Amino acid sequence: MAVYKRTYAAYEGSLTPAWSRFLILPRYSFARLWQSRFLVMFFMACFFYPLGCVGYIYLANNLSVLSSFGVPAGNFIKVEPSLFLYFCWVQAAFTYLLTAFVGPSLVSPDLVNGAMPLYFCRPFSRAEYIAGKMSVLVFLLSLVTWAPGLILFTIQASLAGWEWTKANLWIAGSLFIGLMVWILMLSLLALALSAWVKWKIAAGGLLLGVFFAGAGFGTALNSVMRTSYGSLLNLTEVMFTIWSKLFSWPSDTGISLEASWICVAVVCAVCLWLLVRRVRAFEVVK
Amino acid sequence: MNDRIILDNVSRFYGEVLGVNRVTLSVPPGITSLVGPNGSGKTTLMNLITGLVRPTRGSIQVLGISPSDPERLFRVCAYATQFDSFPRGMTGFQFVYSYLRLSGMSHDDCERTTAFAIGRVNLGEAAHRKIAGYSKGMRQRIKLAQAIAHDPRVLVLDEPLNGLDPLVRAETIALFREFAAEGRHVIVSSHILHEVDTISDQVILLSNGYVVAEGKIHGVREEMSEHPMQVIIRCTRANVLASRVFEQDHVVEVRLHADGGGLLVKTRDADRFYRALNHLALDGVGIESVAPADDNVNSLYEYLIGGEESTR
């Protein structure tokens, strides 16, 4: 080993802002993720529906194109808030699968390897660790949800003109809020499962199970108890209730908007609690 | 006393399980070894010093900094854990670099200090290979590199010599000595008592969460009056020396070696014994060598912890 004659001199260079350090974590996660061909292909497939929507918006604003092909362009092809609501639905389904694939590999490898002390023997907190890992999913899912959604809205706004934009600006807000709530809930669920289930396949399966089992159990509860609040166990219905309200669309889930928001908040809080219990710098002695 | 690590009546319980209890220490710079059987609280003590675990009771100051202030603490402190803790797929360079970035260093500084630290542990050629392909010794060294990369004043290392071959072990010990000579703290835990004996400036012996002894090895040994000091003497007329030695009131036992060329003496007062031995040597007993037989960590461990272990 090279032995250098030197005296102690602490690092005195510039420091990056403390708030930005969590962004160090995603760099290697992304590098690893993009090594998977399946993920790259699936990620590309997530843009098929937004591309279709672009075509639809173009045609809706250029009916003469349809007429030139001899297709009767009546009132049936027009851009309404429901287009964006369906966009949320379809992209949410894609993000659901994407999360089941990506999420389980975020926290569990660190726990299996005993890497937590390495992270926390720095000026780096548990909250920053969770934020760093979550940012992988938030960034990835944003790319296929509200980001293309807002691009769609911008395209429609540019084609339809200022009057339409002014009257429908709320759609952009609804798109962003609705999809961010979905992304946050899904990310927290995935991280919590990743922290508690070490086997990646099992964690991915469990994420799917949370939704399917919740839906099944909720339906059974509704039938047995003759209530509609069993639907609160069905997270897709909970989100649909919120999105419907955001896009001024009638909801037939039978649960109130307030109950839906509370349900989302409870799910997020439970996930955070589960994460905080597991993301520790030391082994808990049993 | 800002150059010391001070633990004041520190206890840590994990629910009903005892981690460490009522630990009061003032650790000076140098190489300090934590010695004790599995579950004695060594790792808990290291976790407490580095702020990874908060004490249930008591307070800790590392060079005057509270471990609850990680922004300041981890500018001067570093920790290398006992277990292989490597995120999958990383090269050695990426491993050291990425954790330095978490410390807040800029890209350029991180690259420079990473290369320097990896060079210091002699892993330069393997720096860009994946850690998954490293041997146990290389893994230990890359962990050491990530710990020393930001030039800490307090180096806390859990079992740092495990898995190292003799040459690398000697180089690593030389690095510890170099750090200690610069007035830094090197706190290591180890089960290899012979090495602890060789490298330590002071030892902390732990058992069942309690500190059973601390200080310089020789000083600790001298205070253990219930265990007479053992001295091995090689000489020409062992039987004569044995009879003369046994006349001393502080000598409690004398055993002749089977070859008749030496003896083992147990004495309650080592200082008086050595003075008496000088006189005997002057009287013509041909003494070839005198060496303490149990003035080492191994014996301390046996006397202080071995008994407890065997009674459990």
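All values derive from a computational prediction rather than experimental measurement.

### A look at the overall build of chain A
A tally of regular secondary structure across chain A gives 13 helices and 0 strands. Helices (α) and strands (β) of chain A occur, in sequence order from the N terminus, as α-α-α-α-α-α-α-α-α-α-α-α-α. Based on the C-alpha atoms only, the size of chain A along its principal axes is roughly 85 × 55 × 35 Å. Burial analysis of chain A (286 residues in total) assigns 47% to the buried set. For chain A, the accessible area works out to roughly 14,000 Å², and carbon and sulfur atoms hold 70% of it. Charge centroids of chain A, computed over 19 positive and 9 negative side chains, lie 14 Å from each other.

### Quick word on the nonpolar core
Residues F84(A), Y119(A) and Y129(A) are the most contacted members of the largest nonpolar core, which totals 156 residues. Sorting elements by how many residues they give to this core places helix α10 (residues 162-196) of chain A first, with 18 residues. Excluding its chain neighbours within four sequence positions, the residues that come into contact with Y119(A) are L25(A), D110(A), F124(A), Y129(A), K133(A), P87(B), Y99(B) and L102(B).

### With respect to unusual backbone geometry
All names here are of chain B. Positive phi is not limited to glycine here, since N9 has a value of about 50 degrees. Position of N9 among the secondary structure elements: in strand β1 (residues 5-14). On the basis of relative accessible area, N9 is assigned to the partly exposed category, the value being 33%. For E159, which is not glycine, the phi torsion reads 50 degrees and is therefore positive.

### Some details on helix α10 (residues 270-282) of chain B
Residue and element names in this part refer to chain B. For α10, with 13 residues, the first-to-last C-alpha span of 19 Å sits near the 18 Å given by 1.5 Å per residue. All of the buried residues along α10 are A270, F273, A276, L277 and L280. An end-on view of α10 places all buried positions within 120 degrees of arc, on one side of the element. Turned more than 90 degrees away from the buried face of α10, the exposed residues are R275, H279 and L282. Elements that come into contact with the buried residues of α10 comprise β10 (229-235), α9 (238-245), β11 (251-256), β12 (262-267) and β13 (287-292). Its side-chain oxygen placed 3.2 Å from the backbone nitrogen of R272, D269 serves as the N-cap of α10. With its phi angle positive at about 105 degrees, G284 sits one or two positions after the end of α10.

### Comments concerning the pairing of strand β8 (residues 202-207) of chain B
All names here are of chain B. Counting buried residues along β8, 6 of its 6 residues qualify, which places the element largely inside the surrounding structure. Every second residue of β8 is oriented toward a common face, with Q202, I204 and L206 on one face and V203, L205 and S207 on the other, all of them buried. Here 5 bridges tie β8 to strand β9 (residues 210-215), and the two strands are oriented antiparallel to one another. Paired with I204 across the strands is E214, a residue of β9. If you look at the hairpin formed by β8 and β9, you'll find 2 residues sitting between the two strands, and N208 has a positive phi there, around 50 degrees.

### Remarks on the interface of chain B and chain A
Taken together, the contact pairs 46 residues of chain B with 37 residues of chain A. Across the interface of chain B and chain A, roughly 4,000 Å² is buried in total on both sides, 61% from carbon and sulfur atoms. Among the residues chain B hides against chain A, the three largest losses belong to L52(B), R88(B) and L102(B). Together they make up 16% of the total. Linking chain B with chain A are 1 salt bridge, by the criterion used here. Close ionic contact of R21(A) with E71(B) constitutes a salt bridge, the shortest N to O distance being 3.3 Å.

### Let's talk about the domain arrangement of chain B
Along its sequence, chain B is organised into domain 1 (5-223) and domain 2 (225-311). Each of domain 1 of chain B and domain 2 of chain B was reduced to a C-alpha centroid, and the two centroids are 37 Å apart.

### Side note on the state of the cysteines
A full pass over the atoms with the stated rule returns 0 disulfides over all chains. Free cysteine C77(B): the closest other cysteine sulfur is in C121(A), separated by 8.0 Å.

### Here we look at the sheet that holds β10(B)
Residues and elements named next belong to chain B. Pairing in this open sheet of 4 strands is antiparallel, and the strands run β11-β12-β10-β13 from one edge to the other. Looking at strand neighbours, the two that pair on one side only are β11 and β13, the edges of this open sheet. Sheet twist, expressed as the average angle between the axes of neighbouring strands with direction ignored, equals 20 degrees. Two elements, β10 and β13, share 5 bridges in a ladder whose sense is antiparallel. Bridging from a neighbouring strand, V231 pairs with P292 of β13.

### A word on the packing of α9(B) against α10(B)
A pair of packed helices can be characterised by two numbers: the angle between their axes and the separation between those axes. All names here are of chain B. For the pair α9 and α10, interaxial distance at closest approach is 11 Å and the crossing angle is 130 degrees. Here α10 runs oblique to α9, going by the angle between their axes. The two elements α9 and α10 cross, and the hand of that crossing is right-handed. Each of L241, R244 and V245 in α9 lies in contact with α10, whose residues at this interface are F273, L277 and L280. For the contact of α9 with α10, the class distribution of residues is 5 nonpolar, no polar and 1 charged.

### Description of the packing of aromatic side chains
Inspection of every chain in the model, using the stated rule, returns 23 aromatic pairs over all chains. Between the aromatic rings of Y119(A) and Y99(B), the centroid separation amounts to 5.3 Å while the plane-to-plane angle is 65 degrees, which identifies the pairing as edge-to-face. Of the two residues, Y119(A) is situated in helix α7 (residues 116-120) and Y99(B) in helix α3 (residues 92-102); the pairing between them involves two chains. Residues Y119(A) and Y99(B) agree in their burial class; the two are buried. Between the aromatic rings of F93(B) and Y97(B), the centroid separation amounts to 6.4 Å while the plane-to-plane angle is 15 degrees, which identifies the pairing as stacked.

### Some remarks on the sheet that holds strand β2 (residues 17-27) of chain B
All names here are of chain B. Taken together, the 3 strands give an open sheet; going across it, the order is β2-β1-β4, and neighbouring strands pair in antiparallel fashion. Two strands bound the open sheet, and with one partner strand each, they are β2 and β4 (57-62). Sheet twist, expressed as the mean angle between neighbouring strand axes with direction ignored, is 20 degrees. By the bridge criterion, 7 bridges tie β1 to β2 in an arrangement that is antiparallel. Residue L7 lies in a different strand from β2, and its bridge partner there is L25. Docked against the sheet, helix α1 (residues 42-49) engages β1, β2 and β4, running at close to 120 degrees with respect to β1.

Cut-off values and rules
Residues numbered from 1 in each chain as written. Chains lettered and ligands numbered in written order. Predicted model: local features only at pLDDT ≥ 70, side-chain atom pairs only at ≥ 80, totals over all residues. Heavy atoms only, no water. Helix = DSSP H or I, 4+ residues; strand = E, 2+ residues; numbered from the N terminus. Buried < 20%, exposed > 50% of the residue type's maximum accessible area, 1.4 Å probe, protein only. Areas by Shrake-Rupley, 256 points an atom, 1.4 Å probe, with all protein chains shown as cover. Lys, Arg positive; Asp, Glu negative; His and termini not counted. Charge placed at Lys NZ, Arg CZ, Asp CG, Glu CD. Core = buried A, V, L, I, M, F, W, Y, C linked by side-chain atoms within 4.5 Å. Contact = heavy atoms within 4.5 Å. Expected span 1.5 Å × (residues − 1). Arc of directions from axis to C-beta. Polar contact = N/O pair within 3.5 Å; in protein donor to acceptor, adjacent residues only side chain to side chain. Pairing = 2+ DSSP bridges. Buried area = accessible area lost by both parts, 1.4 Å probe. Salt bridge = Lys/Arg side-chain N within 4 Å of Asp/Glu carboxyl O. Domains from an automatic or database assignment. Disulfide = S-S within 2.5 Å. Axes fitted to C-alpha atoms, helices over the stretch in contact; angles between N-to-C directions. Parallel < 35°, antiparallel > 145°, perpendicular 65-115°, else oblique. Left-handed = near helix turned anticlockwise from the far one by under 90°. Nonpolar A, V, L, I, M, F, W, Y, C, P; charged D, E, K, R; others polar. Phe/Tyr/Trp six-rings, centres within 6.5 Å; stacked < 30°, edge-to-face > 60°.

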